[in-house]
Amino acid sequence: SVPAALASGLSAGARRGLLIKGGAALEEIGTARTVAFDKTGTLTAGHPRVTDVLPASGTSASDLLAYAAAVEQGSSHPLAKAVMAEAGSRGIATPAASDQGAVPGKAVTATVGGRRVSVGSPRHAAELGARMGGLVEQAARLEGEGKTAVVVVVDGAAAGVLALRDEPRADAAAAVAALSKLGIRSVMLTGDNARTGAAIASGLGLDVKAELLPEDKLREIGALRSAGSVVMVGDGINDAPALAAASVGVAMGGGTDVALETADAAVLKDRVSGVVELVGLSRSTMTNVK
Ligand code: ADP
Ligand code: MG
(Lines give C-alpha, C1' and ligand atoms only; values in the text may rest on other atoms or scores of the structure.)
(Ligands and ions follow the chains in the order given, each with its own letter.)
Protein backbone atom coordinates (compact mmCIF):
# COMPACT_ATOMS: atom_id res chain seq x y z
CA SER A 1 0.00 0.00 0.00
CA VAL A 2 1.04 3.64 -0.41
CA PRO A 3 1.37 4.38 3.31
CA ALA A 4 3.42 1.22 3.87
CA ALA A 5 5.79 2.00 0.97
CA LEU A 6 6.23 5.58 2.20
CA ALA A 7 6.82 4.42 5.78
CA SER A 8 9.49 1.98 4.67
CA GLY A 9 11.08 4.72 2.51
CA LEU A 10 11.15 7.06 5.51
CA SER A 11 12.83 4.49 7.71
CA ALA A 12 15.34 3.52 5.00
CA GLY A 13 16.24 7.21 4.80
CA ALA A 14 16.60 7.53 8.56
CA ARG A 15 19.05 4.62 8.63
CA ARG A 16 21.24 6.56 6.15
CA GLY A 17 21.08 9.87 8.03
CA LEU A 18 18.38 11.29 5.76
CA LEU A 19 15.56 12.52 7.96
CA ILE A 20 12.31 13.19 6.13
CA LYS A 21 9.42 14.69 8.04
CA GLY A 22 6.62 12.93 6.22
CA GLY A 23 5.40 10.96 3.24
CA ALA A 24 4.41 14.06 1.27
CA ALA A 25 7.99 15.39 1.31
CA LEU A 26 9.41 11.99 0.40
CA GLU A 27 6.99 11.80 -2.52
CA GLU A 28 7.85 15.25 -3.85
CA ILE A 29 11.68 15.30 -3.62
CA GLY A 30 12.06 12.95 -6.58
CA THR A 31 9.93 15.17 -8.80
CA ALA A 32 12.25 18.18 -8.43
CA ARG A 33 13.11 20.09 -11.58
CA THR A 34 15.57 22.32 -9.77
CA VAL A 35 17.70 22.06 -6.65
CA ALA A 36 18.62 25.47 -5.22
CA PHE A 37 21.63 25.43 -2.89
CA ASP A 38 22.69 28.04 -0.40
CA LYS A 39 26.45 28.55 -0.71
CA THR A 40 28.01 29.21 2.67
CA GLY A 41 27.82 26.19 4.95
CA THR A 42 25.94 24.17 2.35
CA LEU A 43 27.99 23.83 -0.87
CA THR A 44 31.03 25.03 1.03
CA ALA A 45 32.22 23.73 4.37
CA GLY A 46 31.16 26.95 6.06
CA HIS A 47 34.53 27.27 7.76
CA PRO A 48 36.11 30.18 5.92
CA ARG A 49 39.64 31.19 6.80
CA VAL A 50 41.12 34.68 6.60
CA THR A 51 43.57 34.66 3.67
CA ASP A 52 44.42 38.35 3.26
CA VAL A 53 44.59 41.33 5.61
CA LEU A 54 44.88 44.66 3.78
CA PRO A 55 44.80 47.71 6.06
CA ALA A 56 44.21 51.16 4.59
CA SER A 57 47.18 53.49 4.88
CA GLY A 58 47.47 54.82 8.42
CA THR A 59 46.00 51.62 9.93
CA SER A 60 47.98 48.58 11.10
CA ALA A 61 47.01 44.99 10.35
CA SER A 62 46.48 44.38 14.09
CA ASP A 63 44.24 47.43 14.53
CA LEU A 64 42.21 46.35 11.51
CA LEU A 65 41.75 42.85 12.92
CA ALA A 66 41.02 44.19 16.41
CA TYR A 67 38.19 46.39 15.10
CA ALA A 68 36.82 43.54 13.03
CA ALA A 69 36.98 41.06 15.92
CA ALA A 70 35.34 43.53 18.29
CA VAL A 71 32.31 43.74 15.98
CA GLU A 72 32.23 40.06 14.99
CA GLN A 73 32.32 38.74 18.56
CA GLY A 74 28.54 39.27 18.68
CA SER A 75 27.85 37.35 15.46
CA SER A 76 27.37 33.63 14.86
CA HIS A 77 28.08 34.00 11.12
CA PRO A 78 30.85 31.72 9.76
CA LEU A 79 32.74 34.84 8.58
CA ALA A 80 32.63 36.12 12.16
CA LYS A 81 34.16 32.94 13.55
CA ALA A 82 36.95 33.12 10.97
CA VAL A 83 37.79 36.72 11.88
CA MET A 84 37.83 35.83 15.60
CA ALA A 85 40.09 32.85 14.91
CA GLU A 86 42.54 34.95 12.89
CA ALA A 87 42.73 37.68 15.54
CA GLY A 88 43.18 35.00 18.23
CA SER A 89 45.95 33.19 16.35
CA ARG A 90 47.83 36.49 16.00
CA GLY A 91 47.48 37.14 19.74
CA ILE A 92 45.27 40.20 19.21
CA ALA A 93 43.00 40.95 22.17
CA THR A 94 39.37 41.63 21.25
CA PRO A 95 38.26 45.12 22.35
CA ALA A 96 34.89 45.47 24.08
CA ALA A 97 31.94 46.45 21.90
CA SER A 98 28.42 47.74 22.55
CA ASP A 99 25.24 48.43 20.55
CA GLN A 100 25.76 45.39 18.32
CA GLY A 101 23.51 45.19 15.30
CA ALA A 102 23.22 43.31 12.02
CA VAL A 103 22.13 44.24 8.53
CA PRO A 104 21.06 40.77 7.31
CA GLY A 105 23.03 39.58 4.29
CA LYS A 106 25.21 42.69 4.39
CA ALA A 107 27.07 43.52 7.58
CA VAL A 108 27.39 43.54 11.33
CA THR A 109 27.87 46.73 13.32
CA ALA A 110 28.89 47.84 16.81
CA THR A 111 30.35 50.71 18.77
CA VAL A 112 34.01 50.14 19.65
CA GLY A 113 35.96 52.64 21.75
CA GLY A 114 33.36 55.30 21.01
CA ARG A 115 33.58 54.71 17.25
CA ARG A 116 30.90 53.33 14.99
CA VAL A 117 32.29 50.27 13.20
CA SER A 118 30.76 48.04 10.55
CA VAL A 119 32.14 44.88 8.96
CA GLY A 120 30.44 43.80 5.76
CA SER A 121 30.31 43.57 2.01
CA PRO A 122 32.04 46.13 -0.22
CA ARG A 123 28.58 46.98 -1.58
CA HIS A 124 27.39 47.77 1.92
CA ALA A 125 30.46 49.95 2.52
CA ALA A 126 29.62 51.81 -0.70
CA GLU A 127 26.00 52.23 0.43
CA LEU A 128 27.33 53.75 3.65
CA GLY A 129 29.28 56.22 1.50
CA ALA A 130 32.55 55.07 3.08
CA ARG A 131 35.77 56.50 1.69
CA MET A 132 37.52 53.49 0.10
CA GLY A 133 40.56 54.80 -1.80
CA GLY A 134 42.36 51.97 -3.61
CA LEU A 135 40.59 49.31 -1.56
CA VAL A 136 37.79 49.01 -4.15
CA GLU A 137 40.20 47.47 -6.68
CA GLN A 138 41.82 45.27 -4.03
CA ALA A 139 38.43 43.90 -2.98
CA ALA A 140 37.48 43.18 -6.61
CA ARG A 141 40.75 41.32 -7.23
CA LEU A 142 40.25 39.14 -4.13
CA GLU A 143 36.66 38.35 -5.15
CA GLY A 144 37.85 37.21 -8.58
CA GLU A 145 39.90 34.59 -6.69
CA GLY A 146 36.70 33.16 -5.19
CA LYS A 147 37.31 34.88 -1.88
CA THR A 148 34.83 36.94 0.12
CA ALA A 149 36.10 40.47 0.73
CA VAL A 150 34.74 42.31 3.75
CA VAL A 151 35.34 45.97 4.43
CA VAL A 152 35.86 47.33 7.93
CA VAL A 153 34.40 50.84 8.13
CA VAL A 154 35.32 53.01 11.12
CA ASP A 155 33.45 56.30 11.53
CA GLY A 156 32.67 56.51 7.82
CA ALA A 157 36.09 55.61 6.41
CA ALA A 158 37.33 52.19 5.28
CA ALA A 159 40.03 50.96 7.67
CA GLY A 160 40.85 48.03 5.41
CA VAL A 161 39.75 44.86 3.69
CA LEU A 162 39.86 41.27 4.90
CA ALA A 163 39.56 38.37 2.46
CA LEU A 164 38.16 35.00 3.49
CA ARG A 165 38.06 31.77 1.55
CA ASP A 166 35.54 29.04 2.19
CA GLU A 167 36.44 25.82 0.36
CA PRO A 168 33.71 23.85 -1.44
CA ARG A 169 32.78 20.55 0.23
CA ALA A 170 34.70 17.62 -1.22
CA ASP A 171 31.60 16.00 -2.75
CA ALA A 172 29.85 19.16 -3.98
CA ALA A 173 30.93 19.03 -7.65
CA ALA A 174 30.14 15.29 -7.89
CA ALA A 175 26.70 15.82 -6.34
CA VAL A 176 25.87 18.58 -8.84
CA ALA A 177 26.97 16.30 -11.69
CA ALA A 178 24.87 13.41 -10.32
CA LEU A 179 21.78 15.62 -10.06
CA SER A 180 22.32 16.73 -13.64
CA LYS A 181 22.38 13.05 -14.75
CA LEU A 182 19.05 12.66 -12.95
CA GLY A 183 17.69 15.51 -15.08
CA ILE A 184 17.79 18.08 -12.30
CA ARG A 185 19.26 21.56 -12.70
CA SER A 186 21.27 22.96 -9.78
CA VAL A 187 21.47 26.64 -8.90
CA MET A 188 23.55 28.29 -6.20
CA LEU A 189 21.88 31.13 -4.30
CA THR A 190 24.27 33.31 -2.37
CA GLY A 191 24.40 36.55 -0.52
CA ASP A 192 28.02 36.77 -1.53
CA ASN A 193 29.07 39.11 -4.33
CA ALA A 194 28.78 38.17 -8.02
CA ARG A 195 32.52 37.75 -8.64
CA THR A 196 33.06 35.38 -5.69
CA GLY A 197 29.86 33.50 -6.50
CA ALA A 198 30.83 33.04 -10.16
CA ALA A 199 34.33 31.81 -9.25
CA ILE A 200 32.97 29.17 -6.84
CA ALA A 201 30.03 28.15 -9.07
CA SER A 202 32.16 27.63 -12.17
CA GLY A 203 34.36 25.27 -10.17
CA LEU A 204 31.30 23.26 -9.16
CA GLY A 205 29.53 23.32 -12.53
CA LEU A 206 26.27 24.97 -11.58
CA ASP A 207 24.44 28.24 -12.22
CA VAL A 208 24.56 31.05 -9.70
CA LYS A 209 22.44 33.94 -8.47
CA ALA A 210 24.53 36.20 -6.26
CA GLU A 211 24.15 39.26 -4.04
CA LEU A 212 20.82 37.97 -2.73
CA LEU A 213 19.31 39.18 0.50
CA PRO A 214 17.16 36.68 2.43
CA GLU A 215 14.01 38.09 0.77
CA ASP A 216 15.69 37.83 -2.67
CA LYS A 217 16.38 34.12 -2.06
CA LEU A 218 12.71 33.76 -1.25
CA ARG A 219 11.76 35.49 -4.51
CA GLU A 220 14.17 33.32 -6.52
CA ILE A 221 12.51 30.19 -5.11
CA GLY A 222 9.13 31.55 -6.21
CA ALA A 223 10.44 32.20 -9.73
CA LEU A 224 12.04 28.74 -9.99
CA ARG A 225 8.78 27.10 -8.85
CA SER A 226 7.05 28.35 -11.99
CA ALA A 227 9.20 25.75 -13.87
CA GLY A 228 8.24 22.91 -11.49
CA SER A 229 9.04 21.46 -8.12
CA VAL A 230 12.01 23.07 -6.32
CA VAL A 231 14.14 21.59 -3.56
CA MET A 232 15.99 24.22 -1.51
CA VAL A 233 19.03 23.10 0.50
CA GLY A 234 20.36 25.43 3.18
CA ASP A 235 21.68 25.85 6.69
CA GLY A 236 19.07 28.31 7.97
CA ILE A 237 21.47 31.26 8.14
CA ASN A 238 19.74 33.89 5.99
CA ASP A 239 17.87 31.24 4.04
CA ALA A 240 15.08 30.09 6.36
CA PRO A 241 12.35 31.93 4.37
CA ALA A 242 13.60 30.27 1.17
CA LEU A 243 13.63 26.83 2.85
CA ALA A 244 10.04 27.39 3.88
CA ALA A 245 8.96 28.59 0.42
CA ALA A 246 10.48 25.68 -1.55
CA SER A 247 8.41 22.65 -2.56
CA VAL A 248 10.75 20.72 -0.24
CA GLY A 249 13.21 22.40 2.13
CA VAL A 250 16.28 20.38 3.09
CA ALA A 251 18.48 21.36 6.04
CA MET A 252 22.20 20.73 5.77
CA GLY A 253 25.46 21.89 7.19
CA GLY A 254 24.89 20.89 10.78
CA GLY A 255 21.63 22.75 10.35
CA THR A 256 20.72 25.60 12.64
CA ASP A 257 17.67 25.02 14.84
CA VAL A 258 15.73 27.31 12.50
CA ALA A 259 16.67 25.17 9.50
CA LEU A 260 15.72 21.92 11.23
CA GLU A 261 12.36 23.38 12.27
CA THR A 262 11.59 24.96 8.90
CA ALA A 263 12.79 22.22 6.58
CA ASP A 264 10.86 19.16 5.40
CA ALA A 265 13.97 17.00 5.45
CA ALA A 266 17.51 17.05 6.81
CA VAL A 267 20.81 15.55 5.72
CA LEU A 268 22.41 14.74 9.05
CA LYS A 269 25.98 14.39 7.87
CA ASP A 270 27.41 17.30 5.93
CA ARG A 271 27.27 15.55 2.59
CA VAL A 272 25.95 17.33 -0.49
CA SER A 273 25.52 13.84 -1.96
CA GLY A 274 22.78 13.32 0.66
CA VAL A 275 20.55 15.41 -1.63
CA VAL A 276 21.20 13.01 -4.52
CA GLU A 277 20.36 10.09 -2.20
CA LEU A 278 17.11 11.80 -1.18
CA VAL A 279 16.08 12.08 -4.84
CA GLY A 280 17.00 8.45 -5.43
CA LEU A 281 15.14 7.27 -2.34
CA SER A 282 12.05 9.23 -3.35
CA ARG A 283 12.05 7.83 -6.88
CA SER A 284 12.61 4.23 -5.80
CA THR A 285 9.93 4.54 -3.11
CA MET A 286 7.39 5.91 -5.60
CA THR A 287 8.25 3.12 -8.05
CA ASN A 288 7.35 0.61 -5.32
CA VAL A 289 4.06 2.40 -4.75
CA LYS A 290 3.00 2.09 -8.38
P1 ADP B 1 25.68 33.38 2.04
O2 ADP B 1 24.44 33.44 1.22
O3 ADP B 1 26.88 33.14 1.22
O4 ADP B 1 25.51 32.46 3.19
P5 ADP B 1 25.15 35.70 3.73
O6 ADP B 1 23.80 36.04 3.19
O7 ADP B 1 25.22 35.03 5.03
O8 ADP B 1 25.95 34.86 2.62
O9 ADP B 1 26.03 37.03 3.77
C10 ADP B 1 26.18 37.82 2.60
C11 ADP B 1 27.31 38.81 2.70
O12 ADP B 1 27.04 39.77 3.76
C13 ADP B 1 28.65 38.20 3.05
O14 ADP B 1 29.34 37.73 1.93
C15 ADP B 1 29.36 39.39 3.70
O16 ADP B 1 29.86 40.26 2.70
C17 ADP B 1 28.23 40.11 4.43
N18 ADP B 1 28.10 39.67 5.83
C19 ADP B 1 27.03 39.09 6.42
N20 ADP B 1 27.27 38.82 7.72
C21 ADP B 1 28.54 39.22 7.96
C22 ADP B 1 29.40 39.18 9.11
N23 ADP B 1 29.03 38.69 10.30
N24 ADP B 1 30.66 39.66 8.95
C25 ADP B 1 31.08 40.15 7.77
N26 ADP B 1 30.32 40.22 6.66
C27 ADP B 1 29.08 39.77 6.76
MG1 MG C 1 24.33 31.28 4.54
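Not measured: the values here are computed from a predicted model.

1. Considering the sheet that holds strand E8 (residues 157–165)
In step 1: Read across the sheet, six strands follow the order E3-E8-E7-E6-E5-E4 without closing on themselves; strand pairing throughout is antiparallel. Only two strands of the sheet have a single neighbouring strand rather than two, namely strand E3 (49–55) and strand E4 (98–103). Neighbouring strand axes in the sheet, compared pairwise and without regard to direction, differ in orientation by 20 degrees on average.
In step 2: Bridging between strand E6 (residues 115–120) and strand E7 (residues 148–154) involves four bridges; their strand directions are antiparallel. The partner of Ser118 across the bridge, within E7, is Val153.
In step 3: Its contacts with the sheet put helix H5 (residues 78–89) on E3, strand E5 (107–112), E7 and E8, and the angle it makes with E3 is roughly 70 degrees.

2. As for unusual backbone geometry
Negative phi characterises most residues that are not glycine, and trans characterises most peptide bonds.
In step 1: For Asp99, which is not glycine, the phi dihedral falls at a positive 55 degrees.
In step 2: Residue placement: Asp99 occurs in strand E4.
In step 3: Its 10 C-beta neighbours within 10 Å are what place Asp99 among the exposed residues.
In step 4: Even without being a glycine, Asp155 presents a positive backbone phi close to 45 degrees.
In step 5: Residue placement: Asp155 occurs in the loop between E7 and E8.

3. Examining the nonpolar core
In step 1: Core analysis: the largest hydrophobic core is formed by 51 residues, its most contacted members being Val231, Met232, Val250, Ala265 and Val275.
In step 2: Examining the composition of this core, we find that five residues originate from one element, helix H13 (residues 273–289), more than from any other.
In step 3: Once residues within four sequence positions are removed from consideration, Met232 is found in contact with Ala36, Ile221, Ala242, Leu243, Ala246, Gly249 and Val250.
In step 4: Among the nonpolar cores identified, the runner-up in size contains 40 residues, and Leu79, Val117, Val119 and Leu135 belong to it.

4. Regarding the sheet that holds strand E12 (residues 248–251)
In step 1: Judged by pairing direction, the sheet is mixed, and its seven strands sit side by side in the order E1-E13-E12-E11-E2-E9-E10 without closing on themselves. Unpaired on one side and paired on the other, strand E1 (18–20) and strand E10 (207–209) mark the two borders of the sheet. Here the average twist between neighbouring strands, direction ignored, is 20 degrees.
In step 2: Relative to strand E9 (residues 185–189), strand E2 (residues 34–38) runs parallel, the two sharing five bridges. Within the sheet, the bridge partner assigned to Val35 lies in E9 and is Ser186.

5. Here's the deal with helix H10 (residues 214–225)
In step 1: A rise of 1.5 Å per residue sets the reference length of H10, with its twelve residues, at 16 Å; its end C-alpha atoms lie 17 Å apart and thus fit the reference within 8%.
In step 2: Those residues of H10 not exposed but buried are Lys217, Leu218, Ile221 and Leu224. Angular distribution of buried residues about the axis of H10 spans 125 degrees; they occupy a single face of the element.
In step 3: Packing partners of the buried residues in H10 comprise E2, E9, strand E11 (230–234) and helix H11 (240–245).

6. Looking at the site of ligand 1
In step 1: For ligand 1, the set of nearby residues contains 22 residues, the closest of which are Thr40, His77, Ser121, Gly191 and Asn238.
In step 2: When contributions to the shell around ligand 1 are tallied by element, the ones reaching two or more residues are helix H3 (39–43), H5, E5, E6 and E7.
In step 3: Across the shell around ligand 1, the residue classes tally to seven nonpolar, ten polar and five charged.
In step 4: Built from parts of two domains, the shell around ligand 1 gets at least three residues from each of domain 1 (2–45 + 168–289) and domain 2 (49–165).

7. A few points about the domain arrangement of the protein
In step 1: Under the domain assignment used here, the protein contains domain 1 (2–45 + 168–289) and domain 2 (49–165).
In step 2: Computed over C-alpha atoms only, the centres of domain 1 and domain 2 are separated by 31 Å.
In step 3: With 14 residues of domain 1 in contact, the opposing surface of domain 2 contributes 14 residues.
In step 4: Every element with two or more residues in the side of domain 1 that touches domain 2 is listed here: H3 and helix H9 (194–204).
In step 5: Among the elements that line the side of domain 1 that touches domain 2, the one with the most residues is H9, at four residues.
In step 6: Of the residues contributing to the side of domain 1 that touches domain 2, the split by class is five nonpolar, six polar and three charged.

Rules used throughout
Residue numbers run consecutively from 1 along every chain, following the written order of its sequence. Chains carry letters and ligands carry numbers; both start at the beginning, A for chains and 1 for ligands, and go up in the order they are written. Totals for whole chains, interfaces and linings use all residues, but because this is a predicted model, local features are given only for residues with pLDDT of at least 70 and pairs of side-chain atoms are given and counted only at 80 or more. DSSP calls a pair of strands paired once it identifies at least 2 bridges connecting them. Put simply, DSSP H or I for four residues or longer makes a helix, DSSP E for two residues or longer makes a strand, and each gets a number counted from the N terminus. Axis definition: a line fitted to C-alpha atoms, limited for helices to the stretch in contact. Angles are taken between N-to-C directions and run from 0 to 180 degrees. Residue pairs are scored as contacts if the distance between their C-beta atoms, which are placed from the backbone, is within 7 Å. In this scheme the burial state of a residue depends on its C-beta neighbours within 10 Å: 20 or more other such atoms mean buried, 12 or fewer mean exposed, and anything in between means partly exposed; the C-beta positions come from the backbone. Among buried residues, those of type Ala, Val, Leu, Ile, Met, Phe, Trp, Tyr and Cys that are joined through C-beta atoms within 7 Å form a set called a nonpolar core. Helix span, expected: 1.5 Å multiplied by one less than the number of residues in the helix. This arc describes the spread of directions from the helix axis toward the C-beta atoms. Near, for a residue, is defined by distance from a backbone-placed C-beta atom to a molecule or strand, with 6 Å as the limit that must not be exceeded. Charged means Asp, Glu, Lys or Arg here, nonpolar means Ala, Val, Leu, Ile, Met, Phe, Trp, Tyr, Cys or Pro, and polar covers whatever is left, Gly included. How far each domain reaches was decided by an automatic or database domain assignment.

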